[in-house]
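These are the residues of each chain, in order.
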Amino acid sequence: MKSLILASLALQQVAGHSIFQQLWVDGVDKAGTCIRLPGSNSPVTNVGSNDIRCNVGGAKGVSGKCAVNAGGTVTVEMHAQPGDRSCKNEAIGGNHYGPVLVYMSKVADAATADGSTGWFKIFEDGWTAANKGAADNDLWGVKDMNTCCGKVDVKIPSDLAAGDYLLRAEVVALHTAQSTNGAQFYMSCYQITVAGSGTNSPATVKFPGAYKSSDPGIQVNIHAALSKYVVPGPAVIPGGTTKVAGTSVCAKTNLMIRGANDMFDF
């Protein structure tokens, strides 16, 4: 019986693995044209590894870049399996609750940068207490993303300097984070070119280095009640977006795609 229970838990964890895959720019579907797509939907668990930058194999660029205007909106999209955009399946299942974060890094050439340059955070959707016992029942960025068919709208700060950037979308899954090195990190990097007249070059952090395995937002037991939750990493920069978990409204394009995907069962 014990072996069956352990096998069931293992299957649940694998079923919850996911990948950030597609990108939208101001409502236009760019699909996978500018993403460094990870080779699998497995998480990174070592915050001291270079894989924490852009996932396993993510140091190597691709040819495509997506053009974005400063002040415009990109939409990152996550699903469990490559190419599966169906809204009938949770973007990331298996009770993989945690925050959704987005970083950017200014680089000379997004197609060749390896992610070793500094990163700044432009978006976070973290945690809000629901006062229903264990924090599994609380409101999380992942739950907002699942509600919106795996899509998260992220505004590019309007004052950013023009040029090439890597954009790093990340879920920190906390379902096994009560154990040392138990948190799971799911991230992908997109290659974008920002246009605009801004001059802002925000202060940065490095990956690895920005996270420690002992950080309170990384080693935490969400199966007990929480009085607070500290989102990992630096604060969102001025001009970025800090969402209150549970208050997000899905963009009109997200709802339209939800209906189309369900109709044709992509």
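Residues numbered from 1 in each chain as written. Predicted model: local features only at pLDDT ≥ 70, side-chain atom pairs only at ≥ 80, totals over all residues. Heavy atoms only, no water.

- The name given to the protein in an unreviewed UniProt entry is AA9 family lytic polysaccharide monooxygenase, and the organism recorded there is Melanomma pulvis-pyrius CBS 109.77.
- According to the UniProt record, the Cofactor (unreviewed entry) comment for the protein reads "Cu(2+)". (UniProt positions renumbered as here; feature names shortened; annotations may be inferred.)

Focus on the side chain of Arg 36
Phase 1: Relative to the helices and strands, Arg 36 is located in strand β3 (residues 35–36).
Phase 2: A distance of 2.7 Å separates the side chain of Arg 36 from the backbone oxygen of Ala 113, its partner in a polar contact.
Phase 3: Among the polar contacts listed, one links the side chain of Arg 36 to the side chain of Gln 191, at a separation of 2.9 Å. (Helix = DSSP H or I, 4+ residues; strand = E, 2+ residues; numbered from the N terminus. Polar contact = N/O pair within 3.5 Å; in protein donor to acceptor, adjacent residues only side chain to side chain.)

A short note on the environment of Val 230
Phase 1: Within the secondary structure, Val 230 is located in the loop between β12 (184–195) and β13 (241–243).
Phase 2: Take Val 230: its relative accessible area is 39%, and that puts it in the partly exposed class.
Phase 3: Not counting chain neighbours up to four residues away, the residues in contact with Val 230 comprise Pro 216 and Gly 217. (Buried < 20%, exposed > 50% of the residue type's maximum accessible area, 1.4 Å probe, protein only. Contact = heavy atoms within 4.5 Å.)

Points about the environment of Val 142
Phase 1: Its location among the elements puts Val 142 in helix α3 (residues 141–147).
Phase 2: For Val 142, a relative accessible area of 0% gives the class buried.
Phase 3: Measuring from C-alpha to C-alpha, the distance between Val 142 and Tyr 97 comes to 5.6 Å, with 45 residues separating the pair along the chain.
Phase 4: When residues no more than four places from it in sequence are discounted, the contact partners of Val 142 are Ile 92, His 96, Tyr 97, Gly 98, Val 100 and Val 171.

A few points about the pattern of salt bridges
Opposite charge on two side chains lets them pair, provided their charged atoms get close.
Phase 1: The final tally for this structure, using the stated rule, is eight salt bridges.
Phase 2: Measuring nitrogen to oxygen at the nearest pair gives 2.7 Å for the salt bridge that ties Lys 65 to Asp 164. With Lys 65 in the loop between α2 (51–54) and β4 (66–69) and Asp 164 in strand β11 (residues 163–173), this residue pair connects regions lying 99 residues apart in the sequence.
Phase 3: For Lys 65, a relative accessible area of 38% translates into the label partly exposed. (Salt bridge = Lys/Arg side-chain N within 4 Å of Asp/Glu carboxyl O.)

Topic: the nonpolar core
Phase 1: With 67 residues, the main nonpolar core has Met 104, Ile 122, Leu 167, Val 171, Phe 185 and Ile 192 as its most contacted residues.
Phase 2: Setting aside its immediate chain neighbours within four residues, Leu 167 contacts Val 74, Val 76, Val 102, Tyr 103, Met 104, Ile 122, Ile 156, Ser 188, Cys 189, Tyr 190 and Ile 192. (Core = buried A, V, L, I, M, F, W, Y, C linked by side-chain atoms within 4.5 Å.)

With respect to the packing of aromatic side chains
Phase 1: Applying the stated rule across the entire model yields six aromatic pairs.
Phase 2: With a centroid separation of 5.1 Å and an interplanar angle of 75°, the aromatic rings of Trp 140 and Tyr 229 are classed as edge-to-face. Pair noted here: Trp 140 is in strand β9 (residues 139–140) and Tyr 229 is in the loop between β12 and β13, with a separation of 89 residues, a long-range link. For the pair shown, Trp 140 and Tyr 229 are each scored as buried.
Phase 3: With 5.1 Å between their ring centres and 80° between their planes, Phe 207 and Tyr 211 make a pair best called edge-to-face.
Phase 4: A relative accessible area of 1% places Phe 207 in the buried class. (Phe/Tyr/Trp six-rings, centres within 6.5 Å; stacked < 30°, edge-to-face > 60°.)

A look at the sheet that holds strand β5 (residues 73–79)
Phase 1: The strand order β2-β1-β5-β10 describes an open sheet built from four strands, whose pairing is antiparallel. Strand pairing shows two members of the sheet lacking a second neighbour, β2 (28–29) and β10 (151–155), which therefore form its edges.
Phase 2: In this sheet, β5 lies alongside strand β1 (residues 19–25) in antiparallel orientation, the contact comprising six bridges. Pairing of Ile 19 across the sheet is with His 79, part of β5. (Pairing = 2+ DSSP bridges.)

Quick look at unusual backbone geometry
Backbone phi values are negative for most residues with the exception of glycine, while trans is the configuration of most peptide bonds.
Phase 1: Between Phe 207 and the following residue, Pro 208, the backbone shows a cis peptide bond with an omega angle of -5°.
Phase 2: Within the element layout of this structure, Pro 208 appears in the loop between β12 and β13.
Phase 3: The backbone of Asp 26 sits at a positive phi, close to 50°, despite the residue not being glycine.
Phase 4: For Asp 26, the location among the structural elements is in the loop between β1 and β2.
Phase 5: One non-glycine residue, Asn 131, lies in positive phi territory at about 55°.
Phase 6: For Asn 131, the location among the structural elements is in the loop between β8 (127–128) and β9.

Regarding the state of the cysteines
By definition, a disulfide is the covalent link that joins the sulfur atoms of two cysteine residues.
Phase 1: A full pass over the atoms with the stated rule returns four disulfides.
Phase 2: Here Cys 34 pairs with Cys 66 through a disulfide, and the sulfurs are 2.1 Å apart. Residues Cys 34 and Cys 66 share a disulfide whose torsion about the S-S bond is about -95°; that sign makes it left-handed. One end of the pair, Cys 34, is in the loop between β2 and β3; the other, Cys 66, is in strand β4, with 32 residues separating them in the sequence.
Phase 3: Take Cys 34: its relative accessible area is 0%, and that puts it in the buried class.
Phase 4: For Cys 87, the disulfide goes to Cys 149, at an S-S distance of 1.9 Å. On the sign convention where negative means left-handed, the S-S torsion of about -90° between Cys 87 and Cys 149 marks this disulfide as left-handed. With Cys 87 in the loop between β5 and β6 (100–107) and Cys 149 in the loop between α3 and β10, this residue pair connects regions lying 62 residues apart in the sequence. Comparing Cys 87 with Cys 149 shows no difference in burial state: the two are buried. (Disulfide = S-S within 2.5 Å.)

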